[in-house]
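Each chain, letter by letter, is given below.
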Amino acid sequence: MRTRVIAGNWKMHKTVAEGRALARAIREGLGGAPSCEVILAPPFTALEAVGAEIAGSPIGLAAQNVHWEEAGAFTGEISPRMLEDVGCSAVLIGHSERRQYFGETDRTVNLRVRAALRSTLAPIVCVGESLADRESGRHEDIVAQQLAGGLDGLTAGDLERIILAYEPVWAIGTGRTASPETAQEMHGFIRRTLAGKFGADAGRVRIVYGGSVKPDNTAALMRQPDIDGALVGGACLEAKSFLGIIRHEP
Ligand code: PGA
């Protein structure tokens, strides 16, 4: 049985004060222990404040990126240890916006994943095809390539700490969610690909869907057998809609 996870990717939104207020509203709105794992991924500058706000609650804290070196002359970068230091338990790696705008490649994704695994951070590894890839029927090849590169050199044991996020680029921020069937098809493909590489442990990996997840489309997505949660962008920036997603989780 895989515990579902709902993660909110705040992207480049929220000051420290705004982040604190949002985290507090989510913590208070959750009430008791939620039936799924809940993770917040604020920008670096708000990590510590959000971490303080959710301390003692079941909500987890994630960063949106991590560098692969432990320390050194890498201006502008943040190491796994620094993220642990502010209370992070997870980190997003290889989000399509990093791939599209900041030169992220499968190789740098792999370096980050390995660095996270050397620390205590759980890597949330993002994969997904562009609209052109989907329209030309290459979507599975592209995702297979991202998995092969991003997870290169990992062992079946490493899989236990990893969460995969399938985020079709054409569905991110567009309001155009993948249908539950389309998403399930790819989630099934990802699980079979992982099983081919790592064996039976692939059955335990959580694969979450991302791309225009909203309160009203969550339940249908979550009913699919291989969809184990959601990575939410736009709808996680307000407590009401993020809590709506958490509650619609069946
Ligand atoms: P969206 O973003 O929910 O705004 O589509 C998802 C993501 O980029 O993680």
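In what follows, the structure referred to is the one given above.
Keep in mind that what you see is a predicted model, and the values were worked out from it rather than measured.

Draft legend 1. Spotlight on the site of the ligand. In the vicinity of the ligand, 13 residues are found, and the nearest of them are Lys11, His95, Glu167, Gly173 and Ser212. The side chain of His95 places a nitrogen or oxygen atom 2.7 Å from an oxygen atom of the ligand. Here an oxygen atom of the ligand and a side-chain polar atom of Glu167 are 2.6 Å apart. In isolation the ligand exposes 280 Å². Once the protein is present, 97% of that is buried. When its residues are assigned to classes, the shell around the ligand shows 4 nonpolar, 7 polar and 2 charged.

Draft legend 2. Geometry of the side chain of Asp228. With respect to the element layout, Asp228 can be found in the loop between α10 (215–222) and β8 (229–232). Reaching out from Asp228, the side chain makes a polar contact with the side chain of Arg2 at a distance of 2.9 Å. The residues contacting Asp228, other than those within four sequence positions of it, are Arg2, Thr3, Arg4, Val5, Arg191, Val205, Arg206, Ile207 and Val208.

Draft legend 3. The arrangement of the sheet that holds strand β4 (residues 90–93) in detail. Read around the closed barrel, 8 strands run β1-β2-β3-β4-β5-β6-β7-β8, paired in parallel fashion. Averaged over all pairs of adjacent strands, the angle between strand axes in this sheet comes to 25°, irrespective of strand direction. The pairing of strand β1 (residues 5–9) with β8 spans 4 bridges and is classified as parallel. In the sheet register, Gly8 faces β8, and the bridge partner there is Val232. Those strands touched by helix α11 (residues 239–248) are β1, β2 (37–41) and β8, and its axis lies near 160° from that of β1.

Draft legend 4. View of unusual backbone geometry. You will see that Lys11, though not glycine, has its phi angle at about 50°, which is positive. Take Lys11: it is sitting in the loop between β1 and α1 (16–30).

Draft legend 5. Region of interest: helix α2 (residues 44–54). Those residues of α2 lying buried are Ala46, Leu47, Ala49, Val50, Gly51, Glu53 and Ile54. Lining the buried residues of α2 we find α1, β2, β3 (60–63) and α3 (80–85). Note on α2: the residue one or two positions beyond its end, Gly56, has a positive phi of about 80°.

Draft legend 6. Molecular detail of the nonpolar core. Counting 63 residues, the largest nonpolar core has Leu40, Leu164, Ile190, Tyr209, Val232 and Phe242 as the members making the most contacts within it. Every residue in contact with Val232, bar those within four places of it in the chain, is listed here: Ile6, Ala7, Gly8, Asn9, Val213, Phe242 and Ile245. Core analysis: the next-biggest nonpolar cluster, separate from the first, contains 14 residues, Ala7, Ala62, Ala90 and Ile124 among them.

Draft legend 7. Expanded view of the pattern of salt bridges. Considering all chains together, one arrives at 15 salt bridges under this definition. Residue Asp226 is joined to Arg2 by a salt bridge in which the shortest nitrogen-to-oxygen separation is 4.0 Å. Taken together, the positions of Asp226 in the loop between α10 and β8 and Arg2 in the segment before β1 put the pair 224 residues apart, joining distant regions of the chain. By relative accessible area, Asp226 is classed as buried at 14%. Close ionic contact of Arg2 with Asp228 constitutes a salt bridge, the shortest N to O distance being 2.9 Å. Of this pair, Arg2 sits in the segment before β1 while Asp228 sits in the loop between α10 and β8; the two residues are 226 residues apart in sequence, bridging distant segments of the chain. Residues participating in the shared-partner salt-bridge network are Arg2, Arg191, Asp226 and Asp228.

Reading the values: rules and limits
Residues numbered from 1 in each chain as written. Predicted model: local features only at pLDDT ≥ 70, side-chain atom pairs only at ≥ 80, totals over all residues. Heavy atoms only, no water. Near = heavy atom within 4 Å. Polar contact = N/O pair within 3.5 Å; in protein donor to acceptor, adjacent residues only side chain to side chain. Areas by Shrake-Rupley, 256 points an atom, 1.4 Å probe, with all protein chains shown as cover. Nonpolar A, V, L, I, M, F, W, Y, C, P; charged D, E, K, R; others polar. Helix = DSSP H or I, 4+ residues; strand = E, 2+ residues; numbered from the N terminus. Contact = heavy atoms within 4.5 Å. Pairing = 2+ DSSP bridges. Axes fitted to C-alpha atoms, helices over the stretch in contact; angles between N-to-C directions. Buried < 20%, exposed > 50% of the residue type's maximum accessible area, 1.4 Å probe, protein only. Core = buried A, V, L, I, M, F, W, Y, C linked by side-chain atoms within 4.5 Å. Salt bridge = Lys/Arg side-chain N within 4 Å of Asp/Glu carboxyl O.

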